[in-house]
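Per-entry structural report
Residues per chain, in single letters:
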Amino acid sequence: MHEADRSTIWPYDEQGEPREFYYSRTAHPAGAAAEAELGRREGGEALLYASGMGAATNVLLAFARPGTTVALAEGCYYGTSKLLGLLAHWGISYVEFDQSGPQPDADILWLEAPANPLLSLPDWEQARAHRGLVVCDATLATPVYLRALDEGADVVVHSATKFLTGNHAALLGATVTRDPEKSARLRELRTNSGIVAAPDAAAALLRGLETLDERMARHTASATELAHRLERHPGVTTVRYPGFGGVISFDVADARAVETCTGLILNATSLGGAHSTMESRARWEAGRVPAGLLRLSVGLEEVDELWADLEQALGRTAQALKV
């Protein structure tokens, strides 16, 4: 990225009028380039934000009003439900529902494909017939496996911190829509609320998109194999994997014991990076997920090395429980 991209201002033209870039809160070169490429991949107009939650916040600011009801996919990212709870005093309410089944009447239908960490998938036929604004968080699928605008979503949300950048080194969010009026509303609120992406983060996204297809293929191949092996392991009771992408969740008797016994796999939050991470989700969302649920983000390491690390952690834990 050119050093000038980090500037916060650019000079007006010879007539004293703003050029395409004049103040970085409105737009900057790295952000515009990354938005163009993500928009091309999704088939719409992309906008970048300071984080995935920044993107979600901007969507709600743009389209919710006092009295708005949001139908939220059950088992989706807990931060979304927490945000909606914090907005309750603005008169915004939400209900959670099984997105693979009947969809309740609501002003905004908020899907997640797949849901994080329960990994359910939406019923798109019902979503297309829904009366409300259809929002889809496609962070785990990426446009490699889902172009949600083609399936009936009005707005796509990404935590681009995850697979889109793919390196645990950039905090970033995105929205994509095909409706010019919705794009204009999102852009206006983003600019005036200041929920903007930094140039370095945007440049990291642009680099990540160059390798997205290859990385997602590797994530999927390894995750598919690990899911099969976990299903056969006696220490694992439930395995959830949608058949694509790099995230598996599975249940064990003592999640905290397993997550602290791995060596290659980092016991850390977040997902979507080249390095595998795993954590017990009950530490963050107790009551929403099974107590023994572990979320594994499969990185780009050799699958046999990852399995050896998981197997020894599961084995050590099982042995300890017998003592």
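Above this note sits the structure.
Attention in this report is confined to the structure presented alongside it. Given the structure is predicted, the values throughout are model-derived calculations rather than measurements. (Residues numbered from 1 in each chain as written. Predicted model: local features only at pLDDT ≥ 70, side-chain atom pairs only at ≥ 80, totals over all residues. Heavy atoms only, no water.)

**Remarks on helix α2 (residues 52-63)**
Just so we agree on the cut-off: Secondary structure elements follow DSSP: runs of H or I no shorter than four residues count as helices, runs of E no shorter than two count as strands, and numbering proceeds from the N terminus. A helix's residues, less one, multiplied by 1.5 Å, set its expected span. For the exposure calls, accessible area comes from a 1.4 Å probe over protein chains only, and a residue counts as buried if that area is under 20% of its type's maximum, exposed if over 50%, partly exposed in between.
Over its twelve residues, α2 extends 17 Å from the first C-alpha to the last, a length consistent with the 16 Å expected when each residue adds 1.5 Å. Residues of α2 that are buried include every one of G52, G54, A55, A56, N58, V59, L60 and A62, and no others.

**Some details on helix α1 (residues 29-42)**
In an α-helix, one turn spans 3.6 residues; hence positions three or four apart end up facing the same way. As a reminder of what qualifies: Arc definition: directions from the helix axis to the C-beta atoms.
Compared with an ideal rise of 1.5 Å per residue, which puts 14 residues at 20 Å, α1 spans 20 Å between its outermost C-alpha atoms and is within 8% of the ideal. Among all positions of α1, only A30, G31, A34, E35, L38, G39, R41 and E42 are buried. For α1, the buried positions fall inside an angular range of 155 degrees around the axis, keeping them on one side. Turned more than 90 degrees off the buried face of α1, the exposed positions are A36 and R40. Count one or two residues on from α1 and you reach G43, which has phi positive near 80 degrees.

**Focus: the pattern of salt bridges**
Put simply, the test is: Here, a salt bridge means any Lys or Arg side-chain nitrogen found within 4 Å of an Asp or Glu carboxyl oxygen.
This model, assessed by the stated rule, comprises 25 salt bridges. Across the salt bridge formed by R190 and E35, the nearest N and O atoms sit 2.8 Å from each other. Linking R190 in helix α7 (residues 180-193) with E35 in helix α1, this pair joins segments that are 155 residues apart in sequence. Classification of R190 by relative accessible area gives buried; the value is 4%. The partner of D179 in a salt bridge is K182, with the nearest N and O atoms 3.0 Å apart. We classify D179 as partly exposed; its relative accessible area is 26%. Connected via shared salt-bridge partners are E96, R256, E259, E279, R281, R283, E285, R288 and R295.

**Some thoughts on the sheet that holds strand β12 (residues 293-297)**
Using the following cut-off: By definition, two strands form a pair when at least two bridges between them are found by DSSP. What makes two residues a contact is simply this: any of their non-hydrogen atoms within 4.5 Å. Lines fitted to C-alpha atoms define the axes, with helix axes restricted to the stretch in contact, and inter-axis angles between N-to-C directions lie between 0 and 180 degrees.
The five strands are arranged β8-β9-β12-β11-β10 in an open sheet whose pairing can be described as mixed. The open sheet is flanked by β8 (238-240) and β10 (266-267), the only strands paired with a single partner. Judged from the two bridges that link them, β10 and strand β11 (residues 277-280) form a sheet pairing that is parallel. Directly across from L266, in β11, lies its bridge partner T277. Sheet strands touched by helix α9 (residues 212-232): β8, β9 (247-251) and β12. Its angle to β9, the strand with the most contacts, is close to 10 degrees.

**Examining the environment of S276**
The following threshold applies: Pairs of N or O atoms within 3.5 Å make up the polar contacts considered here, provided that, within protein, one atom can donate a hydrogen while the other can accept it, and that residues adjacent in sequence are counted only when both atoms are side-chain atoms.
Looking at where S276 falls in the secondary structure, it is placed in the loop between β10 and β11. Considering only alpha carbons, one finds S276 and A129, 147 residues apart in sequence, at a separation of 38 Å. Look past the residues within four positions of S276 in its chain and what remains in contact with it is I265, L266, S297, V298, G299, E301 and L306. At 2.7 Å, the side chain of S276 forms a polar contact with the side chain of E301.

**Section: the environment of E181**
Among the structural elements, E181 can be located in helix α7. As a C-alpha pair, E181 and Y94 span 87 residues in sequence and 25 Å in three-dimensional space.

**Observations regarding the sheet that holds strand β3 (residues 93-97)**
Spatially, β1-β7-β6-β5-β4-β2-β3 is the arrangement adopted by the seven strands of the open sheet, whose pairing is mixed. Strands with a single pairing partner mark the edges of an open sheet, and in this sheet they are β1 (45-49) and β3. For this sheet, the mean angle separating the axes of adjacent strands, direction not counted, is 20 degrees. In this structure, β1 lies alongside strand β7 (residues 173-177), joined through five bridges in antiparallel fashion. From the neighbouring strand, L47 faces β7, where its bridge partner is T175. Each of β1, β2 (69-73), β4 (108-112), β5 (133-137), β6 (155-158) and β7 is contacted by α2, which is oriented at about 155 degrees to β6, the strand it contacts most.

**Notes on unusual backbone geometry**
Backbone torsion omega between A113 and P114 reads -15 degrees, so that peptide bond is classified as cis. Mapped onto the elements, P114 comes out in the loop between β4 and α4 (124-128). In this model, N116 is joined to P117 through a cis peptide bond whose omega is 20 degrees. Along the chain, P117 turns up in the loop between β4 and α4. Unusually for a residue other than glycine, L119 sits at a positive phi of about 65 degrees. One can find L119 in the loop between β4 and α4.

**Digging into the side chain of H158**
Following the sequence through the fold, H158 ends up in strand β6. A relative accessible area of 0% means that H158 is categorised as buried. For H158, the contacting residues outside a window of four places in its chain are E42, G52, A55, A138, T139, T142, P143, L164, L172, G173 and A174.

**Considering a nonpolar patch on the surface**
Put simply, the rule reads: Each patch is assembled from residues with relative accessible area greater than 30% and no salt bridge, linking like charges that lie within 9 Å and nonpolar side chains (Val, Leu, Ile, Met, Phe, Trp, Tyr) that lie within 5 Å. Computed with the Shrake-Rupley method and a 1.4 Å probe, the accessible areas treat only the protein chains shown as cover for residues.
On the surface, a cluster of nonpolar side chains totalling about 410 Å² of accessible area is made up of I9, Y12, Y22 and Y23. With respect to the helices, strands and loops of the structure, I9 is situated in the segment before α1. Relative accessible area serves as the criterion here: at 55%, I9 is assigned to the exposed category.

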